[in-house]
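Residue-level structural notes
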Amino acid sequence: MALYHFSVKVISRGSRNTVSAMAYRSGCKLYDEQTGQSFDQRSKDVEHVELALPNDAPAWAVDVQRLMTEDRQKGVQAFCEIVESAEKRVDARIWREFEFALHRELTKEQNMALAREFVEDQLCALGMAAQLNFHFDKEEKTGDENHHCHVLVTTRRLDEDGMNQKKEEEWNKKELLLDLRVQWQEYSNFHLKLNGHDVRVDHRSHKDRGIEIEPQPKMGKGVLEMERRANPENKPDSFVTDKAQAFHDTQLRNLYRIMRRPDVVLDIVSKHHSTFMWADVQKLLHRYVDELPLFQKLESKLKNSNELMLLKSDSEDQSIYTTRSMLKAERSLIENADALGKEKSHGVQSSSIDPAMEKANRELKKFGGLSSDQVTAIHHLVDEGQLKCVVGIAGAGKTTALGVCHDIWKAEGYSVYGLAPTGKAAQNLETKSLETKSLEQSGIPSSTLHKFLKDFKEGRCQYNSKSVLVLDEAGMVDMERFEQLLGAVKQLGVKLIVVGDGAQLQPVEAGPAFRLVTTRLGKVELNTVVRQKQEWQREATVLFGKQHTQAAIQKYVDKGHVHIVEETLPTLHEALDRGDREGVLKLYEVSSRTSSLIYREMMRDINKTNPEGDSYALTKQHQDFGRYLEWKSIQKSSAAQILKEGETYRPLMEARALDPLRLANLFVDKKQNKAAQGQQALDLLKKCGLDELVELKK
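All of these numbers come straight from a predicted model, not from anything done at the bench.

1. Comments concerning the sheet that holds strand β1 (residues 6–12)
- Strand order in the open sheet formed by 5 strands is β1-β5-β7-β6-β4, and the pairing between neighbours is antiparallel. Looking at which strands have only one partner, the edges of the open sheet turn out to be β1 and β4 (48–52). When strand polarity is set aside, the average angle formed by the axes of neighbouring strands in this sheet is 20 degrees.
- Seen against the sheet, helix α1 (residues 18–26) touches β1, β4, β5 (93–101), β6 (130–138) and β7 (145–154) and runs at an angle of roughly 55 degrees to β6.
- Sheet strands in contact with helix α4 (residues 108–122) are β1, β4, β5, β6 and β7, and its direction is about 150 degrees off that of β6.

2. Description of the environment of methionine 476
- Looking at the secondary structure, you find methionine 476 in the loop between β15 (467–471) and α17 (479–492).
- You can call methionine 476 buried: its relative accessible area is 15%.
- Taking C-alpha positions, methionine 476 is 8.6 Å from glycine 500, a pair spaced 24 residues apart along the chain.

3. So, the sheet that holds strand β12 (residues 387–392)
- On the basis of which strands lie adjacent, the open sheet formed by 6 strands has the order β14-β13-β15-β16-β12-β17 and parallel pairing. At either margin of the open sheet sits one strand with a lone partner, and together these are β14 (446–448) and β17 (524–526). Between one strand and the next, the sheet's axes are offset by a mean angle of 25 degrees, whatever the strand orientation.
- Relative to strand β16 (residues 495–500), β12 is paired through 5 bridges, and the arrangement is parallel. The residue of β16 that forms the bridge with leucine 387 is leucine 496.
- On top of the sheet, helix α16 (residues 449–457) reaches β13 (415–420), β14 and β15; it is set at about 85 degrees to β14, its chief contact.

4. Points about the pairing of strand β9 (residues 162–167)
- Sheet topology note: the strand β8 (residues 156–159)/β9 ladder contains 3 bridges and is antiparallel. By the bridge assignment for β9, arginine 156 is matched with lysine 167.
- The turn linking β8 back onto β9 is made up of 2 residues.

5. Here's the deal with the state of the cysteines
- Tallied over the full model, the rule gives 0 disulfides.
- The thiol of cysteine 28 is unpaired, and the distance to the nearest cysteine sulfur, on cysteine 80, comes to 9.8 Å.

6. Notes on the packing of helix α24 (residues 625–644) against helix α25 (residues 646–656)
- Where α24 contacts α25, the axes come no closer than 6 Å and their chain directions differ by 110 degrees. On the basis of their axis angle, the class for α24 and α25 is roughly perpendicular. Taken together, the residues of α25 that come into contact with α24 (itself represented by Gln641, Ile642, Leu643 and Lys644) are Gly646, Tyr649 and Met653.
- Residue classes in the contact of α24 with α25 are distributed as 4 nonpolar, 2 polar and 1 charged.

7. Describing the environment of glutamate 160
- As for its position among the elements, glutamate 160 is in the loop between β8 and β9.
- A sequence separation of 101 residues divides glutamate 160 from alanine 59, and the C-alpha atoms of the two residues are 7.4 Å apart.
- The residues contacting glutamate 160, other than those within four sequence positions of it, are Pro58 and Trp60.

8. Concerning the pattern of salt bridges
- If you walk through the whole model with that rule in mind, you get 24 salt bridges.
- The partner of glutamate 170 in a salt bridge is lysine 173, and the shortest N-O contact between them spans 3.1 Å.
- Looking at lysine 173, the relative accessible area reads 41%, which means it is partly exposed.
- Among the salt bridges present, the one from lysine 454 reaches glutamate 458, with a minimum N-O distance of 3.0 Å.
- On the basis of relative accessible area, lysine 454 is assigned to the partly exposed category, the value being 27%.
- For glutamate 458, a relative accessible area of 43% puts it in the partly exposed group.
- Residues participating in the shared-partner salt-bridge network are Lys451, Lys454, Asp455, Glu458 and Arg460.

9. Focus on unusual backbone geometry
- Of note, the phi angle at histidine 346 is positive, near 60 degrees, even though the residue is not glycine.
- Of note, histidine 346 is situated in the loop between α11 (324–342) and α12 (350–363).
- One non-glycine residue, glutamate 473, lies in the positive phi region at around 50 degrees.
- Note on glutamate 473: relative accessible area 23%, which makes it partly exposed.

10. Here we look at the nonpolar core
- In this structure, Phe452, Phe482, Leu485 and Leu496 are the most contacted members of the largest nonpolar core, which totals 31 residues.
- Where this core is concerned, the elements lending two or more residues are α11, β12, α16, β15, α17, β16 and α18 (513–521).
- In this structure phenylalanine 452 touches Leu419, Cys461, Tyr463, Leu469, Leu485, Ala488 and Leu492, once residues within four positions along its chain are discounted.
- One finds Ala356, Cys405, Val416 and Val470 within the second-largest nonpolar core, a separate group that totals 29 residues.

11. Things to note about α18
- Of the residues making up α18, those classed as buried are Ala513, Phe514, Leu516, Val517 and Thr518.
- Of the surrounding secondary structure, the elements contacted by the buried residues of α18 are α11, β12, α17 and β16.

12. Points about the confidence of the model for the chain
- When pLDDT is averaged across the chain, the result is 83; 89% of the residues are at 70 or more.
- Within the chain, the element-level pLDDT minimum falls on helix α15 (residues 423–431), averaging 53, and the maximum on β4, averaging 95.
- With pLDDT under 50 throughout, residues 432–442 is counted as low confidence; its partners more than four residues away or in other chains account for 27 contacts.
- Segment residues 505–510: pLDDT under 50, and 32 contacts once partners within four positions in sequence are set aside and those in other chains are kept.

Thresholds applied
Residue numbers restart at each chain and count upward from 1, following the sequence in its written direction. Per-residue local features are limited, in this predicted model, to residues with pLDDT of at least 70; the limit for side-chain atom pairs, both in listing and counting, is 80 or more; totals at the level of whole chains, interfaces and linings are taken over all residues. Water and hydrogen atoms were dropped before computing side-chain values, which therefore reflect all heavy atoms in the structure. Strand pairing is assigned whenever DSSP identifies at least 2 bridges connecting the two strands. Each helix is a run of H or I in the DSSP string that is no shorter than four residues. Each strand is a run of E no shorter than two, and both are numbered from the N terminus. Throughout, an axis means a line fitted to C-alpha atoms (over the contacting stretch in the case of helices), and angles, computed between N-to-C directions, take values from 0 to 180 degrees. In this analysis, two residues are considered to be in contact whenever any of their non-hydrogen atoms come within 4.5 Å of each other. Accessibility here uses a 1.4 Å probe with only protein chains present; expressed as a share of the type maximum, an area under 20% marks a residue as buried, one over 50% as exposed, and anything in between as partly exposed. Whenever a pair of cysteine sulfur atoms sits within 2.5 Å, that pair is classed as a disulfide. For classification purposes, an angle smaller than 35 degrees is called roughly parallel, one larger than 145 roughly antiparallel, one from 65 to 115 roughly perpendicular, and anything else oblique. The classification used treats Ala, Val, Leu, Ile, Met, Phe, Trp, Tyr, Cys and Pro as nonpolar, Asp, Glu, Lys and Arg as charged, and all other residues, Gly among them, as polar. Criterion for a salt bridge: a side-chain nitrogen of Lys or Arg within 4 Å of a carboxyl oxygen of Asp or Glu. Among buried residues, those of type Ala, Val, Leu, Ile, Met, Phe, Trp, Tyr and Cys that are joined through side-chain atoms within 4.5 Å constitute a nonpolar core. Known as pLDDT, the predictor's confidence for each residue is given on a scale from 0 to 100.

Written out as structure tokens, the structure reads:
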């Protein structure tokens, strides 16, 4: 599963040789001119090294960047010499290092793209030069993967002749470093979602998230192997390592917490999903409870909990649930939004609206001026009311409309500020402008929503009734933060503009807050595409916005703009004949993803056309049901082969972070209740020698 790790430290001459530290992180042989020593770390397996620079970087830095791309050794040596030569003190702070964990779910290329985007947006944008060193380590003895990135940034800005004379003290502020921790979470979750992974990371502790469960310490494969050899009969309380003892103690304390208050399981599930199925509850409960009788007893208590609410019953065990706490939070959010929407404040005069509209139409004359949707949106947003919502598909001109509103509010004496759930979106909002050069200065100074809420909580907000806040990418904001935002808006007396695209990424945590607010208050919609100039491109964009993906892509196919590259996937027999176990695992992974995707899309189609019908029966009539069965058959046959040679496949599965329970669940008796199915799956894994991977997953 995806892990969150993000640490910051200073590398100074007072504590170590800084050239040696750079050599280790980059996997190079470097010479230290200060001491005359050489440090050879070329045996260190470093996957990739690159230099990221600010947009205004001088020519010499661009040359070093190019040199590092062509010859890592020479490029790192050149960069190191320039940075080191700027420092004269024997205890000088040379580098600041950001070290963060990369995610197993992403490929090497995807992880590098994630890290690169984060560094360029959050560090280089401040003026830092940053060297990214990617380590995809793997422990030889245990097979444990440790994918991470060391980012070494300068403590001075870059000048035309080298490094600036003064160190940047602003980069040392604790607030900046704390915000960067949050931003790494946001960027990670964005890229995990973007690449089709339904997992999330959170920088907050369980305590800060309101979760009573104690985080369990990590226990790797090496520790498990030592414990298995020392205690082959798996006797309780017979541990030979401190890690195993600590893991057991934490597991026991968490078990007692659940036994004392089973509803804590529902609290954790609802933190990530506003609605959920019973399988989600069982999966979480199984993480902490191994014994079948106790599992069944706690499951029974949860089913009878007053906190649990059934939203939709389904005979195929696909019932939908929520919690009373979640419904209460949604009701509170709607009431607060309703009250803010009815406030008769922050109105503007028509004498300010007309000149701004005329100016925009003049500047956008070659594009046909403002669209009718944009005109309607502008009037709606500047009208009376403390909360206004605008929804639009990509390319419909939301940014342009906001630019005109910005001019109107400025003419009325309002100050406009932007908020966004991620640093990337905040920067986009700040640098966005209308489509003409003379209007490029209409950018809105922006920050992240997390920073705003933190400042408000600590009493450091300077906003008042003459302030307008614009929340961009509102669809990515979860219920808890949205409610906190509305509370802050009410107390400060500011006006809030909520901007989003309902079809874009959903919130990281529970609750489609944006949808609830727009449903209650109403919204103005921008559906006329102005970004694309050709009619068929506009039609395709509208179809994408309505989530009619197949029809949208067909538009591009018809125009010859889609080129399909065949990916050859071996059959199971071909992989076995070659002894290609990696190929068997790849076949299982691809078939699992594909069959799940087809099934999800079939259910989505069925729920749209016949929400009250028998879902299981209707799937058999779907046009893609045959393809689903084909991929499901491949998944099951490859899984059977993996289980047949469990001991052989175990290290390969661990390296890929594959969940063994998903394989075993393909072969359990579905007529049993869920607890019995779970036990049967575990028994099967024990026979195959894969049960230890279940413990690693925990």
